[in-house]
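Chain and residue survey
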Amino acid sequence: MKKEKKVHTRKNENLSNNHIPKSMVIRTEASNVGSSISQLTQDIRRMMGPHTAIRLKERKANKLKDYITMSGPLGVTHLLLLSKTESGPNMRIVRTPHGPTLYFKIKTYSLCKDIIKTQKYPKSPGSEFLTPPLLILNDFISEKKEQPHEILLTSTFRNMFPKLSFQNAQMSHVKRVLLLHRNASEDCIDLRHYAIITRNIGVSHSIRKISTNLDPKKKPLPNLSHIKDISEYVLNTESISCGSDSEIDDNITIEVKEKNNIKNGAKEKTQKKAIKLIELGPRLQLELYKITEGISTGEVLFHKNITKTLNEGLNFKEKY
């Protein structure tokens, strides 16, 4: 008889996975939202990856309480609910399992395919979606005292993504940026999604063209039949200066510390790299108009058109 093999799981991996925020992006009333909101849902799922349900399929019979019930066993911490009303598309961010719920109006949006059409050299999808994006919050803390609902808004966005330690993080693992800019003039939040591309500084275009084409099936190697020696290609100034518009500008540079594994021990090496951001999409302009204590129910903690008293504001600040 064959003996059954025991599967041993590492405790460290289980502990780390339990602390990773996970999300589900859901279309409420999926049959009535239209094709544009359906595609926007797919784009947001891709943006929130890899810790999200990318292949989630909604059914007419599914209700919000069904997703809340399943969020516990699956370890889902946030639900992003997209819907469409007569006034326009909306989005709710729900913190499971007890709330609160943040209500947003989607004032304007652009799909990923719309962003790609405007680019001369669009970025083809690759391994950047295997790691979560780097979250950047810009102008979320105003010069005045921060309001309680702004503190809750900031903490909600921060808790939707894994925490990143800059001391231990590797540059190769940070491949995307999710930028949230608080537009105070229009009282809304602008969302942008970028891919990070880096190149080593000091390497000519001709050398980079050979070193990056490791797979001839995907991208052919340059034609060297017209030269007698490889030095003619390397030292040719025309091949160095004929970079396309998609080449990275060397004016924006960063210093990256890389560890080299050597038998005697690991040594750190500082290397300068040029960096460029290419927009992936989608684009969103969100307007926060309401916050409720529970999951789409309960006490209204904040409303854009309703001003709370001082005591109510202090109670809100004590809760959150």
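To be clear, the structure that these remarks concern was listed above.
We now turn to the structure provided with this report. Keep in mind it's a predicted model, so treat the numbers as computed, not measured.

**A short note on the overall build of the protein**
- Per the secondary structure count, the protein includes 9 helices and 11 strands.
- In the protein, which comprises 320 residues, the proportion classed as buried is 35%.
- Relative to all contacts within the protein whose residues are 6 or more apart in sequence, the contacts with residues 24 or more apart total 65%.
- In the structure as shown, the protein presents an accessible area of about 21,600 Å², 51% of it carried by carbon and sulfur atoms.

**With respect to the nonpolar core**
- Within the largest apolar cluster, 31 residues are counted, with the highest numbers of intra-cluster contacts made by L40, I44, F104, L153, F157 and I189.
- Ranked by the residues each element gives to this core, the list is headed by helix α2 (residues 35-48), at 5 residues.
- M24, V76, V94 and I295 belong to the second-largest nonpolar core, a separate cluster that totals 10 residues.

**Remarks on the pattern of salt bridges**
- All told, the structure shown has 7 salt bridges when counted by the stated rule.
- Of the charged contacts, one joins K304 and D187 as a salt bridge, the two residues approaching to 3.7 Å between their closest N and O atoms. Separated by 117 residues along the polypeptide, K304 in the loop between β11 (300-303) and α9 (310-319) and D187 in the loop between β6 (176-183) and β7 (188-200) bring together distant segments of the chain.
- Since its relative accessible area comes to 35%, K304 is described here as partly exposed.
- E279 is the salt-bridge partner of R283, the closest N and O atoms lying 2.7 Å from each other.
- A residue is classified by how much of its surface remains accessible, and E279, at 11% relative accessible area, is buried.
- The structure contains a network of salt bridges with shared partners spanning R27, R45 and E58.

**Structural notes on the environment of K22**
- Within the fold, K22 resides in the loop between α1 (11-18) and β1 (23-27).
- Distance in space between the C-alpha atoms of K22 and V76 is 4.7 Å, their sequence separation being 54 residues.

**Describing unusual backbone geometry**
- Omega for the peptide link from T96 to P97 comes to 5 degrees, which places this bond in the cis form.
- Looking at the secondary structure, you find P97 in the loop between β3 (88-95) and β4 (101-110).
- The omega torsion across G281 and P282 is 0 degrees, close enough to zero to call that bond cis.
- Relative to the assigned elements, P282 resides in the loop between β9 (265-279) and β10 (283-292).
- With a phi angle near 55 degrees, D187 is a residue other than glycine that sits in the positive phi range.

Definitions and limits used
Residues numbered from 1 in each chain as written. Predicted model: local features only at pLDDT ≥ 70, side-chain atom pairs only at ≥ 80, totals over all residues. Heavy atoms only, no water. Helix = DSSP H or I, 4+ residues; strand = E, 2+ residues; numbered from the N terminus. Buried < 20%, exposed > 50% of the residue type's maximum accessible area, 1.4 Å probe, protein only. Contact = heavy atoms within 4.5 Å. Areas by Shrake-Rupley, 256 points an atom, 1.4 Å probe, with all protein chains shown as cover. Core = buried A, V, L, I, M, F, W, Y, C linked by side-chain atoms within 4.5 Å. Salt bridge = Lys/Arg side-chain N within 4 Å of Asp/Glu carboxyl O.

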